[in-house]
Amino acid sequence: MTIAFGMVSCTVLRDFPTSPMSQNDILYEPAVTYQSLKQTIDARCVSCHGAQRKEGDYEMSSYTGIRGVGRDHIPNAIAGDSKSLILSILREDATEPAHRPTTEDAQEGGFIVLLRRWVVDYRMAYFRSSIHSSDIHLPGTTGFHGALIQKEKWNWAACTRCHGEDLGGGSSGVSCIQCHDTRTDDGCASCHSTKATTTFRSPSTVGSRSAVLHQRHVRDALANGALCQTCHPVPTGLIDGVHLDGKVQVQLSRAAAYQGKQPVWDTAAKTCSDTYCHGAGLEGAKVPTWEPPQDTNTPCQSCHGMPPKQLRSGAMHPVDTRCSTCHPSAHQDNKTIKEPALHLNGQVEVSFQGDCKTCHGDAESSAPPRDLSGNTETSAMGVGAHRVHLAQDGNKRHLVIPCASCHKVPGDVFSKGHIDTAGPAEVTFQGLALSGGLSPQWDRTKGTCGQVYCHGATLDGGKQTTPIWNQVGTGQGSCGSCHGMPPRKLRNGDSHTASTACSSCHTNVRPDLSFVDPSLHINGRVEL
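Since we're looking at a predicted model, the values are computed, not measured.

### As for the overall build of the chain
Okay, so step 1: A count of helical and extended segments in the chain gives ten helices and four strands.
Okay, so step 2: Starting at the N terminus and walking to the C terminus, you meet the elements of the chain as α-α-α-α-α-α-α-α-β-β-α-α-β-β.
Okay, so step 3: For the chain, the residues scored as buried account for 37% of the 528 residues in total.
Okay, so step 4: Nonlocal contacts in the chain, meaning residues at least 24 apart in sequence, comprise 41% of its contacts between residues at least 6 apart.
Okay, so step 5: When the accessible surface of the chain is split by element, carbon and sulfur atoms take 53% of a total near 29,200 Å².

### Quick look at a nonpolar patch on the surface
Okay, so step 1: There is a patch of nonpolar side chains on the surface, built from Val 348, Val 350, Phe 414 and Ile 419 and spanning about 330 Å² of accessible area.
Okay, so step 2: As for its position among the elements, Ile 419 is in the loop between helix 10 (386–389) and strand 3 (441–443).

### Structural notes on unusual backbone geometry
Okay, so step 1: The step from Met 306 to Pro 307 runs through a cis peptide bond, and the omega angle for that step is 0 degrees.
Okay, so step 2: Here Pro 307 is to be found in the loop between strand 2 (271–273) and helix 9 (356–359).
Okay, so step 3: Look at the link from Pro 368 to Pro 369: it is a cis peptide, with omega at 10 degrees.
Okay, so step 4: Residue position: Pro 369 is located in the loop between helix 9 and helix 10.
Okay, so step 5: The backbone of Asp 57 shows a phi angle near 65 degrees, a positive value even though the residue is not glycine.
Okay, so step 6: Along the chain, Asp 57 turns up in the loop between helix 1 (34–45) and helix 2 (63–67).
Okay, so step 7: Note on Asp 57: relative accessible area 26%, which makes it partly exposed.
Okay, so step 8: We note that Lys 270 has phi near 60 degrees; this positive angle belongs to a residue other than glycine.
Okay, so step 9: For Lys 270, the location among the structural elements is in the loop between strand 1 (264–266) and strand 2.

### Topic: the nonpolar core
Grouped burial of nonpolar side chains is what soluble globular proteins tend to show.
Okay, so step 1: Residues Ile 41, Ile 66, Ile 86, Leu 115, Trp 118, Val 119 and Met 124 are the most contacted members of the largest nonpolar core, which totals 23 residues.
Okay, so step 2: Here this core takes six residues from helix 4 (residues 111–121), the largest share from any one element.
Okay, so step 3: Ignoring sequence-local partners within four residues, the contact set of Ile 86 consists of Met 60, Ile 66, Asn 76, Ala 77, Leu 115 and Val 119.
Okay, so step 4: In terms of nonpolar packing, the next biggest core, distinct from the first, is built from eleven residues, Leu 399, Ile 401, Cys 449 and Val 452 among them.

### What about helix 4?
Okay, so step 1: Burial within helix 4 is extensive, with eight of its eleven residues counted as buried.
Okay, so step 2: All buried positions along helix 4 are accounted for by Phe 111, Ile 112, Val 113, Leu 115, Trp 118, Val 119, Val 120 and Asp 121.
Okay, so step 3: At its buried positions, helix 4 is contacted by helix 1, helix 2 and helix 3 (85–88).
Okay, so step 4: Phi turns positive, to about 45 degrees, at Arg 123, one or two residues after helix 4.

### Focus on the pattern of salt bridges
Okay, so step 1: Under the counting rule described, the total for this entry stands at ten salt bridges.
Okay, so step 2: Arg 117 is the partner of Glu 108 in a salt bridge, and the nearest nitrogen-oxygen pair spans 2.8 Å.
Okay, so step 3: Classification of Glu 108 as exposed rests on a relative accessible area of 62%.
Okay, so step 4: With its nearest N and O atoms 3.9 Å apart, the salt bridge here joins Glu 364 to Arg 387. In this pair, Glu 364 sits in the loop between helix 9 and helix 10 while Arg 387 sits in helix 10, placing the two residues 23 residues apart along the sequence.

### Concerning the environment of Ala 341
Okay, so step 1: With respect to the helices, strands and loops of the structure, Ala 341 is situated in the loop between strand 2 and helix 9.
Okay, so step 2: With 116 residues separating them in the primary sequence, Ala 341 and Gly 225 have C-alpha atoms 8.4 Å apart.

### Concerning the side chain of Asp 460
Okay, so step 1: With respect to the element layout, Asp 460 can be found in the segment after strand 4 (448–450).
Okay, so step 2: On the basis of relative accessibility, which here comes to 18%, the residue Asp 460 falls in the buried class.
Okay, so step 3: There is a polar contact of 2.6 Å between the side chain of Asp 460 and the backbone nitrogen of Arg 488.
Okay, so step 4: Ignoring anything within four residues of it in the chain, the contact list for Asp 460 reads His 483, Gly 484, Pro 487, Arg 488 and Lys 489.

### Examining the side chain of Thr 230
Okay, so step 1: The topology assignment puts Thr 230 in the loop between helix 8 (209–219) and strand 1.
Okay, so step 2: Thr 230 gets classed as buried once you look at its relative accessible area, which sits at 5%.
Okay, so step 3: With residues up to four places along the chain from it excluded, the contact list for Thr 230 reads Gln 251, Leu 252, Ser 253, Arg 254, Ala 255 and Ala 256.

Here is what the cut-offs are and how they apply
- Residues numbered from 1 in each chain as written.
- Predicted model: local features only at pLDDT ≥ 70, side-chain atom pairs only at ≥ 80, totals over all residues.
- Heavy atoms only, no water.
- Helix = DSSP H or I, 4+ residues; strand = E, 2+ residues; numbered from the N terminus.
- Buried < 20%, exposed > 50% of the residue type's maximum accessible area, 1.4 Å probe, protein only.
- Contact = heavy atoms within 4.5 Å.
- Areas by Shrake-Rupley, 256 points an atom, 1.4 Å probe, with all protein chains shown as cover.
- Patch = residues over 30% accessible without salt bridge, like charges linked within 9 Å, V, L, I, M, F, W, Y side chains within 5 Å.
- Salt bridge = Lys/Arg side-chain N within 4 Å of Asp/Glu carboxyl O.
- Core = buried A, V, L, I, M, F, W, Y, C linked by side-chain atoms within 4.5 Å.
- Polar contact = N/O pair within 3.5 Å; in protein donor to acceptor, adjacent residues only side chain to side chain.

So, in C-alpha cells, the structure goes:
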C-alpha cells in the first residue's frame, strides 16, 4: 500500500481491510472533515438552506444535501474542485449579504479557509479515520464504500468483520445503520436521493440515464412523485438477501397497477407496458422507454391524446382542450397540473362546470355543429342535419324537433348512459317520430332514418321518406319528399283531391307553399 502525504494528494484509495488493523495500517487522517465543519455550516448556512427553507433548492443541513444540486442543477460542492459553488459564491461582491465573508473568514482558521481545505484538499472527507480513505463517503470515487463493496462482488464479510453481522456497530463501534436505515427516506438518501433532493444517486449510476429518469419520476410536476415501491421491492434492511446483491429488481405495483392493469417491465427492451401511470387504456398512450427525455417537459400526449378521443370506458371524450372545464380540481386552463396529488392517482376527478354547449354545439345551440370530434361540416355523421331539425337553417318549414325525439336526454352530464358508454351517441326515437304507430329505425352504416312519421312514412307518394342524415341541402326536406304533390291517398285510405292549391284546404299554407305557422307542420295532426 502506498501512502501519499501532502496537502493536495492526501487521499488514500485502498480496498477493505482483510485482517484486524495494526499500526502499519493507520492511514493519513484528514485535518478538516464534514463532522468538524458541520456546526459552523449549520450556523452559517442552514437558516436559508435547511430542511425547512431551501433557497434556490439548495440544502446544506446534511452531507447528502451539500453533495446535491439546486434549482439551477449546479452541484453545491464537487470534491477537489476549487471552483465549486459553495466556495465561489462566498465573495465580497456577493448579492446576498449572507454570502459576503468577514475579515476573520479569510484568515487562517477562518470559515472560508477551512471550507476550501475541506472541499479541495481533503476532498470533502466525512470524518477522521485511521482505517478508511477520506473519500469513503463520496459517491463517484473509487474509494467510495459503495464502489468497494461492488468491487468485492457484494461480499459483505469485508464490512461485517468490523461493523458486525447486522452492520450495527460490531467491534468498530460504528454503526452503518445510522446512515443507512432503510425504514426512513434519510437512510435511503445516503445512496439514493429522495423527493427532497434533486439528483438520484447510486454507486453505479451517478450522472447516468438512470439518474435522469429516476429524478423525473420522483419530482415530475405532473404527479405527486412516484414512490420507490411503485417500481421496486423496498428492502427490509441494509442486507436482506435482495438489497445490495448487485442486481436491480423491478416489481411494478401501486400507481403502475391501478384499475386492474398488469404492468410488465421488459429488461431487454427497457420498456414498461400496460402501466396505468403511462396511460394504458387511454387513446394515444405510448409505451415508455427507459431512456433520457429529450427535454425537461413530459408532454401530455405521451399518455393520452390532447384531448383523448375516448375515455377508458370507450365513451367519446369532448374535443375541448380546456381541461379545467371538467377537471377543475386537478387542472388549470393553461394545460398544467394544478394539484399533482390528483393526477395519476387511480381515479379521474370530474366536476363539470358547463352546460350541453360545452362539449357539443356552440354558443347558439347545444346541437352540432361542433360534434364530439370537433367536426363542423354537415357531411360528418356527428353533425348531419341536427340544425335543420331545430329549424335553425332559415327554412322555417316545420316546428322545432326536440332533442328527445331522437335521443334520450340526460338529466345532467353524469347521468347513466351519457358519458359512461361508448360512442357514437345512441339514437332512441320517441314522441313525434312514433306518431301513427310506427317503429322508426336508424341505420348508422347507411346514415338513414326509416319508418319515421316526420318524414312521411304514413303518407302517400313521398320521394324521400328514408332520408340520408348527412346529405343536407339535397332537397330531402322539400315539398314532395315526404308526400306526393298532392298525395293520391289520405292516411285513412280515402282518395286525396288532385288539386295542387294546398292553401284551399290547409289554411296554414300560403299560396307560395310557405307556412303561416311552421310549428303546425309535422306536429302529429293535419290542420284543415
